[in-house]
Amino acid sequence: MARGAIRTVDTLAAEAVPGVVRVFTPDTMPRLPSVPEQPDWDIMYGSSFVPMADRTIHYAGQPIGMVLAETLEAARHAATLIHYEFAAEEPVVGLDVTTDLAGEPGHEPEQIWLGFVAGYLPGAVKRGSGAAALDHAAVRLEGRWRLSTNHHNPMELVASTASWESADRLTLYETSQHVANHRNGLAKLLGLPRENVRVVASYVGGGFGCKGPVWPHSWLAALAAKAAGRPVRLVLSRAQMYTAVGYREEQWIDLRIGATQEGKLLGATVTKLSATPAWEDWVEPSWYPFTFMYDLPALETRCRLLRANVMAPTFMRAPGEAPGMLVQECAMNELAAELGVDPIELRLRNHADVYPIDGSQWSSKRLKECYRVGAERFGWASRSPTPRSMREGDLLIGMGMASASHTVYRQPASARVTITTTGIAHVAASATDIGTGTATFLRQITADELGLPLDAVQALIGDTGLPEAPMQAGASLTSSLGSAALAAARTLRGRVLALATGTEGSPLYGHNENDLALDDGRILAGGNPTGQTVSGVLRRAGLTELSSDGRFDPGGMGQVRSGDPVRDRREAPRGMHSFGAIFAEVAVDPELGLIRVRRLTGVYACGRILNPKLAESQLIGGITWGMSQALFEVTHMDARFGRFTNTNLSEYMVPVNLDVPVIDVTFLDDPDPYINPLGVKGVGEIGITGVAAAIADAVWHATGKRLRTLPILPDALLDGDEISSTRC
Ligand code: MOS
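Residues numbered from 1 in each chain as written. Predicted model: local features only at pLDDT ≥ 70, side-chain atom pairs only at ≥ 80, totals over all residues. Heavy atoms only, no water.

(A) Quick peek at the overall build of the protein chain. Tallying secondary structure elements over the protein chain gives 17 helices and 31 strands in all. Relative to the 2.2 N^0.38 estimate, which gives 27 Å for 728 residues, the radius of gyration of the protein chain is 27 Å and therefore close to what a compact globule would have. In terms of principal-axis extent, the alpha carbons of the protein chain reach across some 85 × 70 × 50 Å. Counting only residues that meet the buried cut, the protein chain has 60% of its 728 residues in that class. Once local pairs closer than 6 in sequence are excluded, the contacts in the protein chain between residues at least 24 apart make up 78%. Carbon together with sulfur atoms contributes 51% to the accessible area of the protein chain, which is approximately 26900 Å² in total. Each charge class in the protein chain can be summarised by its mean position, and for the 66 positive and 80 negative side chains these summaries are 2 Å apart. (Helix = DSSP H or I, 4+ residues; strand = E, 2+ residues; numbered from the N terminus. Rg over C-alpha atoms; globule rule 2.2 N^0.38 Å. Buried < 20%, exposed > 50% of the residue type's maximum accessible area, 1.4 Å probe, protein only. Contact = heavy atoms within 4.5 Å. Areas by Shrake-Rupley, 256 points an atom, 1.4 Å probe, with all protein chains shown as cover. Lys, Arg positive; Asp, Glu negative; His and termini not counted. Charge placed at Lys NZ, Arg CZ, Asp CG, Glu CD.)

(B) Representation of the sheet that holds strand β12 (residues 197–200) within the structure. Within the open sheet, the 4 strands sit side by side as β12-β11-β10-β13. Their pairing is mixed. Lying at the two open borders of the sheet, with one neighbouring strand each, are β12 and β13 (232–235). For this sheet the average axis-to-axis angle between neighbouring strands, irrespective of direction, equals 15°. Both strand β10 (residues 159–166) and strand β11 (residues 169–174) contribute to a ladder of 6 bridges, which runs antiparallel. Across the sheet, S160 pairs through a bridge with E174, a residue of β11. (Pairing = 2+ DSSP bridges. Axes fitted to C-alpha atoms, helices over the stretch in contact; angles between N-to-C directions.)

(C) Quick look at the layout of surface pockets. Roughly 1600 Å³ of volume is contained in the largest pocket. In this structure, the largest pocket is lined by 48 residues; those nearest its centre are G65, M66, A79, L236 and Q240. Among the elements that make up the lining of the largest pocket, the one with the highest residue count is helix α2 (residues 72–81) (5 residues). In the lining of the largest pocket, the residues fall into 32 nonpolar, 11 polar and 5 charged. Of the domains in this structure, domain 1 (4–90 + 152–244) and domain 2 (323–409 + 576–727) are the two that each give at least three residues to the lining of the largest pocket. (1 Å grid on protein atoms, 1.4 Å probe; cavity = no way out; pocket = protein on both sides within 12 Å on 5 of 7 lines; lining within 4 Å. Points joined across faces, edges and corners; volume = space filled by probe spheres on them. Nonpolar A, V, L, I, M, F, W, Y, C, P; charged D, E, K, R; others polar. Domains from an automatic or database assignment.)

(D) Spotlight on the domain arrangement of the protein chain. Per the domain assignment, the segments of the protein chain are domain 1 (4–90 + 152–244), domain 2 (323–409 + 576–727) and domain 3 (413–556). The gap between the C-alpha centroids of domain 2 and domain 3 is 40 Å. Where domain 2 abuts domain 3, roughly 1200 Å² becomes buried across the two surfaces, and 63% of that area is made up of carbon and sulfur atoms. Our count for the contact surface shared by domain 2 and domain 3 stands at 0 salt bridges. Our count for the contact surface shared by domain 2 and domain 3 stands at 3 residue pairs in polar contact (both at pLDDT 80 or more). Considered class by class, the residues forming the side of domain 2 that touches domain 3 number 8 nonpolar, 6 polar and 2 charged. (Buried area = accessible area lost by both parts, 1.4 Å probe. Salt bridge = Lys/Arg side-chain N within 4 Å of Asp/Glu carboxyl O. Polar contact = N/O pair within 3.5 Å; in protein donor to acceptor, adjacent residues only side chain to side chain.)

(E) Quick look at empty space enclosed by the protein. This model, assessed by the stated rule, comprises 6 cavities of 30 Å³ or more. In this structure, the largest cavity spans a volume of roughly 120 Å³. For the largest cavity, the full set of lining residues is G94, L95, T149, Y247, E249, E250, A275, V310, M637 and F644. Each residue belonging to the lining of the largest cavity can be placed in one class, and the counts come to 6 nonpolar, 2 polar and 2 charged.

(F) Spotlight on the pairing of strand β21 (residues 457–460). Where strand β20 (residues 425–428) and β21 come together, 4 bridges link them in parallel fashion. Considered in β21, the bridge of A428 is made with L460. Regarding the hand of the β-α-β motif, the stretch spanning β20, helix α12 (residues 438–450) and β21 is right-handed. (Right-handed = clockwise from strand over helix to strand, strands pointing away.)

(G) Up close: the confidence of the model for the protein chain. Put simply, the protein chain has an average pLDDT of 93, and 95% of its residues get 70 or more. Considering only residues more than four positions removed or in separate chains, one finds that residues 556–571, a stretch of pLDDT under 50, has 51 contacts. (pLDDT = per-residue confidence, 0-100.)

(H) Main features of the pairing of strand β1 (residues 4–10). Where β1 lies against strand β5 (residues 83–88), 6 bridges are found, and the strand directions are antiparallel. Bridged to V9 within β5 is Y84. Pairing of β1 with strand β3 (residues 56–57), which is carried by 2 bridges, proceeds in the antiparallel orientation. Bridging from a neighbouring strand, A5 pairs with T56 of β3.

(I) Seen up close, the nonpolar core. If you look at the biggest cluster of nonpolar residues, it comprises 104 residues, and the most contacted ones within it are L255, L326, V586, L600, Y604 and I695. Formed by 50 residues, the second largest nonpolar core is a distinct cluster that contains F49, A221, A244 and V310. (Core = buried A, V, L, I, M, F, W, Y, C linked by side-chain atoms within 4.5 Å.)

(J) Seen up close, the pattern of salt bridges. The tally for this structure, following the rule as stated, stands at 36 salt bridges. Between D697 and R383 there is a salt bridge, and its shortest N-O distance comes to 4.0 Å. Remark: R383 occurs in the loop between α11 (367–378) and β17 (391–392) and D697 occurs in helix α16 (residues 691–703); sequence separation between them is 314 residues. Note on accessibility: D697 and R383 belong to one class, buried. Notably, a salt bridge pairs R640 with D638, separated by 2.8 Å at the nearest N-O pair. According to the relative accessible area criterion, R640 is exposed, its value standing at 59%.

This is the structure we're talking about:
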């Protein structure tokens with residue numbers, strides 16, 4: 001049930017199961033000394049909701065009991081024996097057609113809190129008059145895009161292991177994208193000093209947004225462990241993850257966009273409709289890409305939120321951009337078809353030469369080259385523009401393209417680099433590795449700066465005892481933490497050379513530091529061996545090791561988004577985005593409605609690429625997810641009960657290897673002189689953007705059908721669920 005209250009609860013049978021240690025219900029669960037409050041500029045919570053605190057039911061899947069047992073089997077069995085009686089009420093559920101919440105007015109929040117990485121966003125953007133600009137448009141397009149609910153499915157489940165070392169000292173092993181956030185959150189909620197909470201998470205099996213914020217399972221594990229007087233491990237099941245750690249909300253996006261006969265965009269209005277829990281507003285800023293992507297002189301956006309009996313949605317890969325770029329890029333492709341202009345040409349005519357939000361320069365932008373190189377690599381010129389004009393036997397062949405982009409986020413970060421007389425260096429930071437290669441890039445940057453082979457550098461990560469790293473999120477960790485590591489290694493290098501040249505009796509005493517170089521633990525002068533080593537310099541100074549701290553501080557938490565007065569851009573007076581172009585080829589079997597993606601080609605300008613192998617892997621993963629957004633992923637809800645029904649990997653469809661074609665990824669050389677000392681923009685988020693639009697356009701090109709409901713499933717191709725571009 002999704003709404004109502006617990007009337008009675010009986011735990012006797014559950015408590016009698018052999019191996020059961022404790023049974024908690026909302027009546028017996030220990031209370032938090034302090035509850036999550038939003039906004040919080042230090043702590044990112046998944047939601048401010050505190051389950052197990054009273055008997056009210058707000059959504060299906062809400063935790064209402066917890067069994068501690070010696071074995072997982074005993075705990076699961078006992079949980080089935082807790083007997084509840086409920087007073088059920090009629091739930092209000094999502095955007096499902098059976099309830100048609102779309103007919104309700106909803107409410108329009110003035111600003112939206114997106115956690116400290118992004119801060120506040122205005123609930124509505126107004127640039128000129130989008131609606132009035134449309135009146136003068138020679139060509140107008142109007143449509144509703146329906147995007148399904150999508151759920152996080154990292155391979156690794158979400159889990160907490162809480163161990164109290166003493167009455168006021170907690171160690172939490174957590175599947176975390178940000179151990180400092182979990183430390184700060186748990187300390188606040190449990191009423192402990194931060195230094196009394198240690199959070200450990202070195203390697204995490206995928207996060208994608210769901211493991212960044214603090215969610216209830218972590219504090220429930222800690223409260224239970226304290227009450228039981230022994231460590232507790234709480235692993236969410238795959239099904240529980242569907243209602244415990246957020247999701248990408250179902251959303252309907254209504255767009256009106258207009259252009260001149262020459263294809264110059266004049267204005268747009270964007271209205272997003274989605275559901276939010278009863279207790280707080282969450283809305284993914286899906287209109288955001290319209291603010292920066294093209295030279296769009298007039299824009300009006302709104303978001304309408306409907307209170308429903310649902311758990312809070314949250315960040316999911318490229319939040320804002322993933323749905324927003326889909327709609328915008330689909331619209332560009334539909335306009336191109338209306339105007340009879342090549343889709344790339346239409347984008348060039350609307351290229352934003354300056355940052356549209358404030359007219360400032362871009363830090364760097366090589367989008368036009370992405371189009372050009374991508375078109376060449378893909379063979380775009382071989383596409384005949386008419387839909388249904390390309391065939392292979394019985395198959396309809398379609399080609400589509402889209403732009404890709406993601407905001408560059410910059411977060412404060414610290415790292416420490418230590419060099420020892422054994423010739424080994426360490427680079428340390430609290431960051432986790434969620435599959436992005438954190439340890440690798442830290443070692444690489446350190447090794448490069450200290451002139452050491454990679455094998456001689458070790459990384460210490462994933463523990464709040466280490467220098468504080470930011471959240472592994474927003475495609476910002478490599479750039480932000482990498483810059484801190486670079487600063488630390490650079491300072492350390494300088495200190496080693498200063499010891500070598502500034503210590504009387506040193507063979508290098510009085511040498512100019514600028515002539516010296518470090519190479520494999522040795523010191524070179526003017527490129528020649530000096531016979532001196534770094535270890536020797538340390539020993540002569542009576543040291544066994546030498547450490548330096550480095551910090552990257554961009555001067556604000558993240559990049560300010562449109563109209564945000566809270567965080568300034570003093571040190572980033574430029575638009576900062578990564579860009580790309582993605583091309584897709586599909587083959588459609590018109591008899592069966594089956595779509596096969598045959599080729600995906602992406603060309604990206606993401607700043608300097610530190611490690612091509614890691615970066616390419618990020619893009620392949622992101623592009624695969626974009627394909628999944630287009631053709632596979634949908635969480636179904638049973639509208640009678642407000643319950644998600646396919647909460648497992650057998651029915652929540654994701655592409656398998658056989659579905660995924662070879663993905664051709666190219667990076668343009670694009671070091672950015674403004675963003676950070678490394679010139680890195682980040683690659684973790686951009687891959688998913690634009691892909692679904694390129695595929696939807698390829699499906700149109702193959703079949704002649706404009707499909708605006710995602711995912712695009714075979715029945716849509718068989719049903720004639722066809723939307724032709726509307727020329728008003
Ligand atoms: Mo990513 S959605 O910032 O983890």
